[in-house]
Amino acid sequence: MDVSTNKENHAAPVGRFAPSPTGRMHLGNIFTAVLSWLSIRSRGGKWILRIEDLDPQRSKYEYARQLEDDLQWLGLTWDEGGIDDIGPHGPYRQSLRGDIYNQYLTRLKSTGLTYPCFCTRADIMATQAPHQSDGRVIYKGTCRPEEFPSCEPLQEPARRHATRLFVPNEEIEFNDGVFGKQHSNLATDCGDFILQRADGAWAYQLAVVVDDGLMGVTEVVRGSDLLLSTAQQLYLYNLLEFKVPAYVHLPLICNTEMRRLSKRDQSLSMEALRLCYSPDEIIGHIAALANLIPSYSPCSLKELIKLFSWDKIPKTMSIVHGDISQ
Ligand code: GLU
């Protein structure tokens, strides 16, 4: 399946920033937000803020509030979304969108491509090859009925179960805005994947496609840690008949130990950054990391709109020190 992304779409672009409110944002999160915002603002489009709070244990309302405050402090204004549900596609908090995901799950079930799964995480780990070097877990189809997919949707069992989606053994190709041509075979690279967990929680893959599809998103910008998810999402786009967005994955920003930034890198969290730097200093640093300016100097988002181009963004990761203006 060659999925041509939306180059042919001439309508005003729609971008989105979709953070998970599980802690204070760090420089890596802001890097994504700034580049997505610049891409959309440089073409006069619409920018949406969607709060991805599907994980009830880790997501907190206070973090979502703080996240909005940090974006506003930097000048990253949004046209739709956020906690206060501005715009026609609300709610914009995924935890409030369960009914919508249910409708699309029902639609997927009616294709006959889903099946109930009773495996626990321990069961799945036990069937893994000894070294799946990148830590990815590939489902071996333990619960998939024989002769699947069949023409008839399966009966829902009364026993608690997750719902999995069957994936075909074929290549999915797409063109990433930074990393270029990508291809993946879902059957060998990921296996049948979960749409809804046994405890009722919605899978990120289903929620993100339904939301981006319904919100009319034409450009998805995010960290390259999600590059491998894209093929799963394109498969869902196809099944749900949504218009496919353009994808741009960004190189991850790493700390001096070469590990990608996490909420533990406190010197680069928005809390520490706001204490030490002005918005223009932070934006200037991001602009230098993104090769939008030749070397660090403070600059405003407004100045960068004119300088923005995806062609300038480096493919390799950036390493940052505690003092970002060095
Ligand atoms: N919620 C995800 C995160 O915060 C981003 C998902 C996406 O952009 O598709 O990492």
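Residues numbered from 1 in each chain as written. Predicted model: local features only at pLDDT ≥ 70, side-chain atom pairs only at ≥ 80, totals over all residues. Heavy atoms only, no water.

If you check UniProt for "binding site: L-glutamate" (unreviewed entry), the listed places come out as Arg16, Phe17, Ala18, Pro19, Ser20, Glu52, Tyr204 and Arg222 in our numbering. Examined against the element boundaries, phenylalanine 17 turns out to sit in strand β1 (residues 14-17). When its relative accessible area of 6% is taken as the criterion, phenylalanine 17 is described as buried. Residues contacting phenylalanine 17, with those up to four places away along its chain left out, are Met25, Asn29, Thr32, Ala33, Trp47, Ile48, Leu49, Arg50 and Leu71. On the basis of relative accessible area, tyrosine 204 is assigned to the partly exposed category, the value being 25%. Here tyrosine 204 is in contact with Glu52, Leu54, Arg222, Leu226, Ser229 and Gln233, once residues within four sequence places are set aside. (UniProt positions renumbered as here; feature names shortened; annotations may be inferred. Helix = DSSP H or I, 4+ residues; strand = E, 2+ residues; numbered from the N terminus. Buried < 20%, exposed > 50% of the residue type's maximum accessible area, 1.4 Å probe, protein only. Contact = heavy atoms within 4.5 Å.)

Before going further, it helps to spend a moment on the nonpolar core. Judged by nonpolar contacts, the single largest core of 47 residues is most densely connected at Leu27, Leu35, Leu38, Leu71, Leu76, Leu250 and Leu292. Of all the elements in the fold, those that place two or more residues in this core are α1 (27-41), β2 (46-49), α2 (61-74), β10 (246-250), α8 (270-276), α9 (279-289) and α10 (301-307). Here this core gets 9 residues from one element, more than from any other, and that element is α1. Residues in contact with leucine 292, not counting those within four places in the same chain, are Leu35, Leu38, Ala287, Leu304, Leu307, Phe308, Ser309, Lys312 and Ile313. If you look at the next biggest cluster of nonpolar residues, it comprises 45 residues, including Val167, Leu195, Leu234 and Val244. (Core = buried A, V, L, I, M, F, W, Y, C linked by side-chain atoms within 4.5 Å.)

Let us now look at helix α7 (residues 230-240). Where burial is concerned, most of α7 is hidden: 9 out of the 11 residues are buried. Taken together, the buried positions of α7 are Thr230, Ala231, Gln232, Gln233, Leu234, Tyr235, Leu236, Tyr237 and Leu240. One or two steps after α7, the chain reaches glutamate 241, where phi turns positive at roughly 60 degrees.

What follows deals with unusual backbone geometry. Cis rather than trans, the peptide bond between glycine 90 and proline 91 has omega equal to -5 degrees. Within the element layout of this structure, proline 91 appears in the loop between β3 (80-81) and α3 (98-109). Put simply, phenylalanine 148 and proline 149 share a cis peptide bond, and its omega is -5 degrees. Even without being a glycine, asparagine 291 presents a positive backbone phi close to 60 degrees.

This part takes up the site of the ligand. Near the ligand the following residues occur: Arg16, Ala18, Pro19, Ser20, Glu52, Tyr204, Val208, Arg222 and Leu226. One of the backbone nitrogen or oxygen atoms of alanine 18 is found 2.8 Å away from a nitrogen atom of the ligand. Taking tyrosine 204, its side chain carries an N or O atom lying 2.7 Å from an oxygen atom of the ligand. Against a free-state accessible area of 300 Å², the protein chains account for coverage of 76% of the ligand. Considering only residue class, the shell around the ligand consists of 5 nonpolar, 1 polar and 3 charged. (Near = heavy atom within 4 Å. Polar contact = N/O pair within 3.5 Å; in protein donor to acceptor, adjacent residues only side chain to side chain. Areas by Shrake-Rupley, 256 points an atom, 1.4 Å probe, with all protein chains shown as cover. Nonpolar A, V, L, I, M, F, W, Y, C, P; charged D, E, K, R; others polar.)

A word on α1. Over its 15 residues, α1 extends 20 Å from the first C-alpha to the last, a length consistent with the 21 Å expected when each residue adds 1.5 Å. Where burial is concerned, most of α1 is hidden: 14 out of the 15 residues are buried. (Expected span 1.5 Å × (residues − 1).)

Below, the discussion takes up the environment of proline 149. Among the structural elements, proline 149 can be located in the loop between α4 (121-126) and β5 (162-165). Here proline 149 falls in the partly exposed class, since its relative accessible area comes to 39%. As a C-alpha pair, proline 149 and tyrosine 115 span 34 residues in sequence and 9.0 Å in three-dimensional space. Residues within four places of proline 149 in sequence aside, it is in contact with Gly112, Leu113 and Phe166.

Here we come to the packing of aromatic side chains. Tallied over the full model, the rule gives 8 aromatic pairs. Relative to phenylalanine 148, the ring of tyrosine 115 lies with its centre 5.3 Å away and its plane at 80 degrees, an arrangement referred to as edge-to-face. Of this pair, tyrosine 115 sits in strand β4 (residues 114-117) while phenylalanine 148 sits in the loop between α4 and β5, placing them 33 residues apart in sequence. In terms of burial, tyrosine 115 and phenylalanine 148 fall into one category: buried. Ring geometry for phenylalanine 174 and tyrosine 247: centres 6.2 Å apart, planes at 65 degrees, overall edge-to-face. In this pair, phenylalanine 174 is assigned in strand β6 (residues 171-176) and tyrosine 247 in strand β10, connecting sequence segments 73 residues apart. For phenylalanine 174, a relative accessible area of 4% corresponds to the buried category. Judged by its relative accessible area of 1%, tyrosine 247 is buried. Three or more aromatic residues link up through ring pairs in this structure, and these residues are Tyr104, Tyr237 and Phe242. Arginine 159 extends its terminal NZ or CZ atom over the ring of phenylalanine 118, reaching a point 4.1 Å from the ring centre. (Phe/Tyr/Trp six-rings, centres within 6.5 Å; stacked < 30°, edge-to-face > 60°. Lys NZ or Arg CZ within 6 Å of the ring centre and 35° of its normal.)

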